[in-house]
Amino acid sequence: MAGFFKSLIQRFTKPDIDWDDLEASLIAGDLGPKLALQIVSDLQAQQRKLHGADIVQVARDHVRKILPESVPHLTPFADGRPKVLLIVGVNGVGKTTSTAKLAHLLQHAGHKVVLAAADTFRAAAVEQLQVWSQRLDAPLVKGPPNSDPAAVCFEGYEMAVKTGASFLLCDTAGRLHTKHNLMEEMKKIHRVLGRKDPTSPHEIILVVDATTGSNALQQAREFHKAIPLTGLIVTKLDGSGKGGVLVPIQQELKVPTRFIGLGEKVEDFQAFDSKRFVDELL
Ligand SMILES: Nc1nc2c(ncn2[C@@H]2O[C@H](COP(=O)(O)OP(=O)(O)OP(=O)(O)O)[C@@H](O)[C@H]2O)c(=O)[nH]1
Ligand SMILES: [Mg+2]
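Residues numbered from 1 in each chain as written. Chains lettered and ligands numbered in written order. Predicted model: local features only at pLDDT ≥ 70, side-chain atom pairs only at ≥ 80, totals over all residues. Heavy atoms only, no water.

K.L.:
Mind laying out the pattern of salt bridges, listing which residues take part and the relevant values?
P.N.:
Oppositely charged side chains can form a pair if their charged atoms are brought close together. All chains considered together, the criterion is met by 16 salt bridges. Between Arg122 and Asp119 there is a salt bridge whose closest N-O contact spans 3.6 Å. In this structure Arg122 comes out as partly exposed when scored by relative accessible area, which is 46%. With relative accessibility at 7%, the residue Asp119 sits in the buried group. Each member of the salt-bridge network shares a partner with another, and the members are Asp61, Arg64, Lys275 and Asp279. (Salt bridge = Lys/Arg side-chain N within 4 Å of Asp/Glu carboxyl O. Buried < 20%, exposed > 50% of the residue type's maximum accessible area, 1.4 Å probe, protein only.)

Encoded structure:
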């Protein structure tokens, strides 16, 4: 995915910049129309001969200003209560894989994790998380087919308390942000988790697939409207997606990217580093 900015340098070699072309290129890089316009206006205001490198410098400066320098780490509660993470998103973006990767990361940091298989629609979904649970040696809570996903998360909370786990990770079913009943079901999971601890779920993480481009912004808008997102996981950055969309999501919704997925293996996962993203990845 690396090289979006580099491609701009290669494309705009002449000092006479075609502004429409530049704006379109920035939008094609998933930076969003608002930011694209800001970058173009900023460059036009300079009233001098510009080269590709100038474009990239201005674009990088804008992106740096939008992205927070650092994002909060996932730390356990000092009082021993489980910290609850709800993992949500549309179908196939990498929720289950990212749940496993996150569990692995937390275990690596010395924390005990419980997994809740709240995707009760598909038997294969439960099996998929079960395989991860065995591989990671993390307890799994699941329900019968088509059972209430909110109840699975509720039981997950009880299991986390019983086993003294610091984190409960709830993997949910894929849901289209345009499907009202599925969004209502997600709100119910949110409400039911709040019965055990009114501040739970403590993190609501939307998983988006970098290869879907700007569509991820619309997904983020709709999910954020339904339940307040606390962070983003951007997956499949090893593919063709540049991940530029995380910039307008931060700019418009103030939802920070917390982790990135870079492959199918459990290790292909990192805490988001904005400096590295701007300097190397984008
Ligand atoms: N290349 C690559 N593949 C990924 C990444 N994350 C997930 N995948 C793959 O994407 C596919 C879907 O991943 P899942 O974790 O099952 O996605 P999901 O969101 O849980 O899917 P549903 O539960 O069906 O909505 C799998 O083949 C994963 O291996 C990533 O960062 N890079
Ligand atoms: Mg899944």
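K.L.:
Please provide a residue-by-residue account of unusual backbone geometry, values included.
P.N.:
Look at the link from Ser200 to Pro201: it is a cis peptide, with omega at 0°. Relative to the helices and strands, Pro201 is located in the loop between α8 (180-196) and β5 (203-209). In this structure, Gln47 is a non-glycine residue whose phi angle is positive, near 45°. Relative to the helices and strands, Gln47 is located in the loop between α3 (33-45) and α4 (52-66). Using a relative accessible area of 74% as the deciding quantity, one classes Gln47 as exposed. Positive phi, normally seen in glycine, also occurs at Asp137, with a value near 55°. (Helix = DSSP H or I, 4+ residues; strand = E, 2+ residues; numbered from the N terminus.)

K.L.:
Describe in detail helix α6 (residues 123-136), supporting the description with residues and values.
P.N.:
With 14 residues, α6 extends 20 Å between its outermost C-alpha atoms, agreeing within 8% with the 20 Å of an ideal straight helix rising 1.5 Å per residue. The complete set of buried residues in α6 reads Ala125, Val126, Leu129, Trp132, Ser133 and Leu136. All buried residues of α6 lie within an arc of 125° about the axis, which places them on one face of the element. Turned more than 90 degrees off the buried face of α6, the exposed positions are Ala123, Glu127, Gln134 and Arg135. Next to the buried residues of α6 lie α5 (95-108), β2 (113-118), β3 (140-141) and β4 (167-172). The first or second residue beyond α6 is Asp137, which carries a positive phi of 55°. (Expected span 1.5 Å × (residues − 1). Arc of directions from axis to C-beta. Contact = heavy atoms within 4.5 Å.)

K.L.:
Help me get a handle on the site of ligand 1, residues and values and all.
P.N.:
The local shell around ligand 1 holds 19 residues, among which Lys95, Thr96, Thr97, Asp238 and Glu264 are the closest. Here a nitrogen atom of ligand 1 sits 3.2 Å away from a polar atom, N or O, in the main chain of Gly263. Protein contacts shield 80% of the accessible area of ligand 1, which totals 660 Å² for the unbound molecule. Most atoms of ligand 1, that is more than half of them, are within 2 Å of grid points of the largest pocket. Element by element, the count of residues in the shell around ligand 1 is highest for α5, at four residues. Taken together, the residues of the shell around ligand 1 sort by class into two nonpolar, 10 polar and seven charged. (Near = heavy atom within 4 Å. Polar contact = N/O pair within 3.5 Å; in protein donor to acceptor, adjacent residues only side chain to side chain. Areas by Shrake-Rupley, 256 points an atom, 1.4 Å probe, with all protein chains shown as cover. 1 Å grid on protein atoms, 1.4 Å probe; cavity = no way out; pocket = protein on both sides within 12 Å on 5 of 7 lines; lining within 4 Å. Sits in = over half its atoms within 2 Å of the grid points. Nonpolar A, V, L, I, M, F, W, Y, C, P; charged D, E, K, R; others polar.)

K.L.:
So what's going on with the sheet that holds β3? Which residues, and what values?
P.N.:
Pairing within the open sheet is mixed, and its eight strands lie in the order β3-β2-β4-β1-β5-β6-β7-β8. Looking along the sheet, the strands with just one partner apiece sit at the ends: β3 and β8 (269-271). Against the sheet, helix α9 (residues 215-226) touches β1 (83-88) and β5, its axis set at about 160° to β5. (Pairing = 2+ DSSP bridges. Axes fitted to C-alpha atoms, helices over the stretch in contact; angles between N-to-C directions.)

K.L.:
Describe in detail the pairing of strand β7 (residues 257-261), supporting the description with residues and values.
P.N.:
Of all five residues in β7, five are buried, a share of seventy percent or more. With three bridges joining them, strand β6 (residues 231-235) and β7 adopt parallel strand pairing. When the sheet's bridge partners are listed, Leu232 is paired in β7 with Thr257. In this view, the connection linking β6 to its parallel neighbour β7 by way of helix α10 (residues 246-253) has right-handed handedness. Pairing of β7 with β8 involves three bridges; the strand directions are antiparallel. Within the sheet, the bridge partner assigned to Gly261 lies in β8 and is Phe269. (Right-handed = clockwise from strand over helix to strand, strands pointing away.)

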